[in-house]
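Coordinate analysis (summary)
Each chain is listed here by its residues.
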Amino acid sequence: DEPKQKVQVTHTERVDFPSGGQLRLRNSVGELTVEGWDRPDVEITTIKSTKDAYAPPDRAKASQELGKVRISVGRQGKDVVITTDFPRRRILSQGSLLRPGTSFDLEYRIKVPMNARLAVDRHTGEVHVENLASDIHVIVTNGEITLHLPQDGLYGIDAKSHIGSVTSDFSGSERSRPWPFGHRLVKETPAAHNLYLRVGFGDITIFKIWQPPAPSPVIH
């Protein structure tokens, strides 16, 4: 009589991060959150879960299927590379077209040094970047990109959505498009860090992390 439940597997590991290095993600899917912290290493937490709920007798088999989703971490020079491998399948989409799909949900929660460079190239899903002061290169075919960056950072910006909007707390010039869909924001200036952001279908949002002003000294 026990109700059906989704099967979930969580894994966390830490690896050393080279000074001046880059975090690179290959073939990632689902929801990705990369957060800057004041430690010199990288903490990688992945949460795999089934899309369907299972009764107790079927959960062991569902867990075996999740085991086919493999996330590996390696070093290539100064790059820390996170690679995701999983079985591909085709699902029927609107218009009777076959498109890539998955039978699982996957979430990445990654903490890296604040000055770590980031490179992400993925087909679908959400990318959230928090508190990084570095070069950020993110390409998403179908999904969203959201950045929360220190307000005093100096950034060159090249952000474009083919079908969607680009919104930024940092100033930049808008580029007109020959069709009514899509948006591009560019800030061409010598800067400490560069943001290169691309979305095929979806939105890009860049927020400033507002820091409260320091309190005035109390004079007695």
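Below you will find a few notes about this structure. (Residues numbered from 1 in each chain as written. Predicted model: local features only at pLDDT ≥ 70, side-chain atom pairs only at ≥ 80, totals over all residues. Heavy atoms only, no water.)

**Details of the overall build of the protein chain**
Defined as follows: A run of H or I in DSSP becomes a helix once it reaches four residues, and a run of E becomes a strand once it reaches two; helices and strands are each numbered from the N terminus. Burial status follows relative accessibility: with a 1.4 Å probe on protein chains alone, a residue under 20% of its type maximum counts as buried, one over 50% as exposed, and anything between as partly exposed. Here a residue-residue contact requires only that any non-hydrogen atoms of the pair lie within 4.5 Å. Computed with a 1.4 Å probe, the accessible areas rest on the Shrake-Rupley method; for each residue, only the protein chains presented here act as cover.
On a plain count of helices and strands, the protein chain comes out with 1 helix and 17 strands. Burial statistics for the protein chain: of 220 residues in total, 40% are counted as buried. The long-range share in the protein chain, meaning contacts at least 24 apart out of those at least 6 apart in sequence, stands at 67%. For the protein chain, the accessible surface area stands at approximately 12700 Å², while carbon and sulfur atoms represent 51% of it.

**Considering the environment of Arg 59**
Quick reminder of the rule: Polar contact is defined as a pair of N or O atoms within 3.5 Å, subject to the rule that within protein one atom must be able to donate a hydrogen and the other to accept it, and that residues adjacent in sequence are counted only when both atoms are side-chain atoms.
Structurally, Arg 59 is set in helix α1 (residues 56–66). Among the residues examined, Arg 59 registers a relative accessible area of 19% and is labelled buried. Considered as a pair, Arg 59 and Gln 8 are 51 residues apart in the sequence and their alpha carbons are 9.8 Å apart. When sequence neighbours within four positions are dropped, the list of residues in contact with Arg 59 reads Glu 2, Pro 3, Lys 4, Gln 5, Val 7 and Tyr 54. A polar contact of 3.1 Å, which involves the side chain of Arg 59, links it to the side chain of Glu 2.

**What to know about the packing of aromatic side chains**
Keep this limit in mind: The criterion for an aromatic pair is that two Phe, Tyr or Trp rings (for Trp, the six-membered ring) have centres within 6.5 Å, with stacked assigned to planes under 30 degrees apart, edge-to-face to planes over 60 apart and tilted to the rest. Two conditions define a charge located above a ring, namely a distance within 6 Å from the ring centre to NZ of Lys or CZ of Arg, and an angle within 35 degrees of the ring normal.
Under the definition given, this model contains 2 aromatic pairs. Centre to centre, the rings of Tyr 155 and Phe 170 are 5.3 Å apart; their planes meet at 75°, and the pair counts as edge-to-face. Here Tyr 155 is found in strand β12 (residues 155–163), whereas its partner Phe 170 is found in the loop between β13 (166–168) and β14 (173–175), with 15 residues between them in sequence. On the basis of relative accessible area, Tyr 155 is assigned to the buried category, the value being 2%. Owing to a relative accessible area of 6%, Phe 170 belongs among the buried residues under this scheme. Over the ring of Trp 37 we find Arg 39, and its NZ or CZ is 5.2 Å from the ring centre. Lys 208 extends its terminal NZ or CZ atom over the ring of Phe 170, reaching a point 5.1 Å from the ring centre.

**Thoughts on unusual backbone geometry**
Phi at Asn 27 takes a positive value of approximately 60°, unusual for a residue other than glycine. The phi dihedral of Asn 131 falls on the positive side, at around 60°, and the residue is not glycine. On the secondary structure map, Asn 131 appears in the loop between β10 (117–130) and β11 (136–150). Its relative accessible area of 25% is what places Asn 131 among the partly exposed residues.

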